[in-house]
Amino acid sequence: MVALSGAATADDHGTATDTRKEENEVSEEIITQTADVLGQDPDREVVAEDGAALYRTDDALVTELTMPTPVPGEYTYASEPPEREGEWWTDEPGELEAFTLWVLTFNEPEECEGGVGECGGDDLGEPAGGGGFGVDGAIPTGDQLTMNGVVTTETEVFENGDPIGVSLERPLEAEVHVAVAPHGAFDPNMMPEILETPVSPPDVWWTAFFDPPA
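Residues numbered from 1 in each chain as written. Predicted model: local features only at pLDDT ≥ 70, side-chain atom pairs only at ≥ 80, totals over all residues. Heavy atoms only, no water.

As for unusual backbone geometry
Next, step 1: Between aspartate 41 and proline 42 the backbone carries a cis peptide bond, its omega angle lying at 5 degrees.
Next, step 2: Tracing the backbone through its elements, the reader meets proline 42 in the loop between β3 (31-38) and β4 (46-56).
Next, step 3: Positive phi, normally seen in glycine, also occurs at aspartate 50, with a value near 50 degrees.
Next, step 4: Locating aspartate 50 in the fold gives a position in strand β4. (Helix = DSSP H or I, 4+ residues; strand = E, 2+ residues; numbered from the N terminus.)

Here we look at the side chain of threonine 69
Next, step 1: Residue placement: threonine 69 occurs in the loop between β5 (60-68) and β6 (97-106).
Next, step 2: At 3.3 Å, the side chain of threonine 69 and the backbone nitrogen of leucine 145 are in polar contact.
Next, step 3: In contact with threonine 69, not counting residues within four places along its chain, are Pro140, Gly142, Asp143, Gln144 and Leu145. (Polar contact = N/O pair within 3.5 Å; in protein donor to acceptor, adjacent residues only side chain to side chain. Contact = heavy atoms within 4.5 Å.)

Considerations on the pattern of salt bridges
Proximity of charged atoms lets side chains of opposite charge pair with each other.
Next, step 1: Here the structure, examined in full by the defined rule, presents 4 salt bridges.
Next, step 2: Among the ionic pairs, arginine 44 bridges to aspartate 41, the shortest N-O distance being 2.9 Å.
Next, step 3: A residue is classified by how much of its surface remains accessible, and arginine 44, at 21% relative accessible area, is partly exposed.
Next, step 4: In this structure aspartate 41 comes out as partly exposed when scored by relative accessible area, which is 31%.
Next, step 5: Salt-bridge contacts for arginine 170 lead to glutamate 173; the nearest nitrogen and oxygen are separated by 3.8 Å.
Next, step 6: The partly exposed category is assigned to glutamate 173, whose relative accessible area is 35%. (Salt bridge = Lys/Arg side-chain N within 4 Å of Asp/Glu carboxyl O. Buried < 20%, exposed > 50% of the residue type's maximum accessible area, 1.4 Å probe, protein only.)

If you want it as structure tokens, here you go:
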């Protein structure tokens, strides 16, 4: 946890004394946004109203997402990349299932093919400055799936041969998508990849969308 403001203590006479260092006297700006978590295509129905939160600072994005745990066998499983079946994902339901959390950022959303609010996979890389980051993995055991993660301007995009886009540069201005990806039945023999790798198509993700702040 990063302290965003200094502390004040009392001296021997009970007078408040500011113990903050000079460079920390101005609190860092934090912009908080919330968004609904939308279900898988084609319906994209709301599965968790205001289920995702995004906290923006000038050098980081912090996100948390809570939604009902998908019921095994009652949703669409991943099917790509096909060469990684059995390593990164399976389309088999299980008593325990694995999920990962991804943050997609678009530094220049006005450069996305569809414009601001319509960025997508085709906008990874330049000119929109899109990038993909794996931030969490989970094997839920209850009826709620909760995941969280952090992306900073120093965080590297996921790379498997080729990087998924470019790094985060404009946390306060970027369009941000937060997505839960299904990996199917949990198999210990697939660790750690089953909790660290991307799966697709995007139609199978549960997603919250955050436009740039007004």
